[in-house]
Amino acid sequence: MKKSVLAFGALALGVAFSAPAMAADVSACLITKTDTNPFFVKMKEGATAKAKELGMTLKSYAGKIDGDSETQVAAIETCIADGAKGILLTASDTKGIVPVVKKARDAGILVIALDTPLDPIDAADSTFATDNFLAGKLIGQWAAATLGDAAKDAKVAFLDLTPAQPTVGVLRDQGFMTGFGMDTKDPNKIGDEDDSRIVGHDVTNGNEEGGRTAMENLLQKDPTINVVYTINEPAAAGAFQSLKAVGRDKDVLIVSVDGGCPGVKNVTEGVIGATSQQYPLQMAALGMEAIKKFADSGEKPKPTEGKNFFDTGVSLVTDKPASGVESIDTKAGMDKCWG
């Protein structure tokens, strides 16, 4: 009973955008991991603007924290009951949410995963996302090229997302390892590697506090860490604070993924060495267009040629370009950033 009350309270926070009454039959839901991370704030902004443009009704829901799958499940149940035509979803538990996603699809609802592929990926009708493996690979290549010969003796800390190992976290983590020249072993799993350069993995829940704590934990394990991979820029900011507290902020490379305006600013200021920029507003806007097209014609979106998802693009942002790694500078990154 208590869980039901909590779930209902969280759902009550959903924000509805109502289009003109004549278009109210084309409705959609946006369900994000949180409503505080700038990435998801921008995603909601893109979906809301596109709903208004297309004359659709949009209801938005979010977990209380990154990893709160229970609230997301409850949100999908609500969207089914409301008769939504489509759901845009960034799943916290990419495996655990599959049964309720199947229930939505069986009810004739188009389900599009945004940013984070479900496990398996075809559990959703389509996925609109950054190539998260490539995003990780780019920052791994940059870190290796920046270190040069010293890369073979690096001490690397991995600040991941949650213990559930959602696909987005696995793809970025394993992409970094590939770019850095590490053997990933099972590419679908974090933590089974045996490269001696890996100090360890810890989880951050994708926020600053989690980044601080994870960095502190790994520094206790090995205070000589000199490379830090982070799942996103809030975690990177937290890691930097912990490094600064022990006087290590000048001699450790931090790399990340997101490309939000605060993160790009941190690249400019030297907090983050390089970040892979993704485009959440575009993901959500394209997702809304796909739901409208499905409602009008029954046609489902198609993946990018050669891939099993629709690729919404990624760019490496750094002011210290590395040979052989394509990048843009922070001025260009600020022109494209969000949050």
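Above this note sits the structure.
Novice: An account of the packing of helix H3 (residues 69-82) against helix H4 (residues 98-106) is needed here, citing residue identities and associated values.
Specialist: Orientation of H3 relative to H4, taken along the N-to-C sense of each, is 10°, at an axis distance of 10 Å. Viewed along their axes, H3 and H4 adopt a mutual orientation that is roughly parallel. Each of Val73, Ile76, Glu77 and Ile80 in H3 lies in contact with H4, whose residues at this interface are Val100, Val101, Lys103 and Ala104. Classifying every residue of the contact of H3 with H4 gives six nonpolar, no polar and two charged.

Novice: Residues and numbers for the environment of lysine 59, please.
Specialist: For lysine 59, the position within the fold is in strand S3 (residues 57-62). Lysine 59 sits in the partly exposed class, given a relative accessible area of 31%. Separated by 152 residues in sequence, lysine 59 and glycine 211 have C-alpha atoms that sit 31 Å apart.

Novice: Lay out the environment of glutamate 269 in plain terms, naming residues and giving numbers.
Specialist: Relative to the helices and strands, glutamate 269 resides in the loop between helix H9 (261-268) and strand S11 (274-277). With relative accessibility at 49%, the residue glutamate 269 sits in the partly exposed group. Note: C-alpha distance between glutamate 269 and glycine 339 (70 residues apart in sequence) is 17 Å.

Novice: For the pattern of salt bridges, give the residues involved together with the corresponding values.
Specialist: Taken as a whole and assessed by the stated rule, the structure comprises 23 salt bridges. Where lysine 59 meets aspartate 82, a salt bridge forms, and the shortest distance between an N and an O atom there is 3.2 Å. Of this pair, lysine 59 sits in strand S3 while aspartate 82 is found in helix H3, placing the two residues 23 residues apart along the sequence.

Novice: Outline unusual backbone geometry, supporting the account with residue identities and numerical values.
Specialist: At the junction of aspartate 119 and proline 120, the peptide bond is cis and its omega measures out at 10° in the coordinates. Structurally, the position occupied by proline 120 is in the loop between strand S5 (110-114) and strand S6 (126-129). Although it is not a glycine, aspartate 115 sits at a positive phi angle of roughly 70°. Among the structural elements, aspartate 115 can be located in the loop between S5 and S6. By relative accessible area, which is 3% here, aspartate 115 ends up buried. Despite not being glycine, lysine 185 has its phi angle at roughly 60°, a positive value. Mapped onto the fold, lysine 185 is located in the loop between helix H6 (167-180) and strand S8 (198-203). Here lysine 185 falls in the partly exposed class, since its relative accessible area comes to 38%.

Novice: Any chance you could break down the nonpolar core for me, citing the residues and the numbers?
Specialist: Ranked by internal contacts, the top residues of the largest apolar core, which has 29 residues, are Trp142, Val156, Phe158, Phe176 and Phe180. If you list the elements that add at least two residues to this core, you get helix H5 (132-147), strand S7 (156-160), H6, strand S9 (227-230) and strand S10 (253-258). At six residues, H5 tops the list of elements feeding residues into this core.

Novice: Account for the sheet that holds S10, with residues named and values stated.
Specialist: The pairing of strands in a sheet happens through backbone hydrogen bonds and is either parallel or antiparallel. On the basis of which strands lie adjacent, the open sheet formed by six strands has the order S8-S7-S9-S10-S11-S13 and mixed pairing. Of all the strands in the sheet, just S8 and strand S13 (315-317) have a single pairing partner and so form its edges. Sheet twist, expressed as the mean angle between neighbouring strand axes with direction ignored, is 15°. With three bridges connecting them, S9 and S10 associate as parallel partners. When the bridges of S10 are listed, tyrosine 229 appears paired with valine 255.

Novice: Describe in detail the side chain of lysine 33, supporting the description with residues and values.
Specialist: Here lysine 33 is to be found in the loop between strand S2 (27-32) and helix H2 (38-54). Buried lysine 33, no salt bridge; nearest opposite-charge side chain is aspartate 115, N-O distance 4.5 Å. Only 3.1 Å separates the side chain of lysine 33 from the side chain of threonine 116, close enough to count as a polar contact.

Novice: Tell me what's going on with the packing of aromatic side chains, and back it up with residues and numbers.
Specialist: In this structure the tally under the stated criterion is seven aromatic pairs. Ring plane angle 80° and centroid distance 5.5 Å describe the contact between phenylalanine 158 and phenylalanine 176, whose orientation is recorded as edge-to-face. Highlighted residues: phenylalanine 158 in strand S7 and phenylalanine 176 in helix H6, separated in sequence by 18 residues. By the burial criterion, phenylalanine 158 is buried, and phenylalanine 176 matches it. An aromatic cluster is present here, built from Phe158, Phe176, Phe180 and Tyr229 joined pairwise through their rings.

Novice: I'd like to hear about the state of the cysteines, residue by residue, with values.
Specialist: Disulfides are covalent bonds that connect the sulfur atoms of two cysteines. According to the stated counting rule, one finds two disulfides in the structure shown. There is a disulfide in this structure between cysteine 261 and cysteine 337, and the S-S distance comes to 2.0 Å. A torsion of 90° about the S-S bond marks the disulfide between cysteine 261 and cysteine 337 as right-handed. Highlighted residues: cysteine 261 in helix H9 and cysteine 337 in the segment after helix H11 (330-336), separated in sequence by 76 residues. Neither residue differs from the other here; cysteine 261 and cysteine 337 are each classed as buried. The connectivity of the disulfides in the protein is 1-2, 3-4, where the numbers refer to bonded cysteines in sequence order.

Reading the values: rules and limits
- Residues numbered from 1 in each chain as written.
- Predicted model: local features only at pLDDT ≥ 70, side-chain atom pairs only at ≥ 80, totals over all residues.
- Heavy atoms only, no water.
- Axes fitted to C-alpha atoms, helices over the stretch in contact; angles between N-to-C directions.
- Helix = DSSP H or I, 4+ residues; strand = E, 2+ residues; numbered from the N terminus.
- Parallel < 35°, antiparallel > 145°, perpendicular 65-115°, else oblique.
- Contact = heavy atoms within 4.5 Å.
- Nonpolar A, V, L, I, M, F, W, Y, C, P; charged D, E, K, R; others polar.
- Buried < 20%, exposed > 50% of the residue type's maximum accessible area, 1.4 Å probe, protein only.
- Salt bridge = Lys/Arg side-chain N within 4 Å of Asp/Glu carboxyl O.
- Core = buried A, V, L, I, M, F, W, Y, C linked by side-chain atoms within 4.5 Å.
- Pairing = 2+ DSSP bridges.
- Lys, Arg positive; Asp, Glu negative; His and termini not counted.
- Polar contact = N/O pair within 3.5 Å; in protein donor to acceptor, adjacent residues only side chain to side chain.
- Phe/Tyr/Trp six-rings, centres within 6.5 Å; stacked < 30°, edge-to-face > 60°.
- Disulfide = S-S within 2.5 Å.

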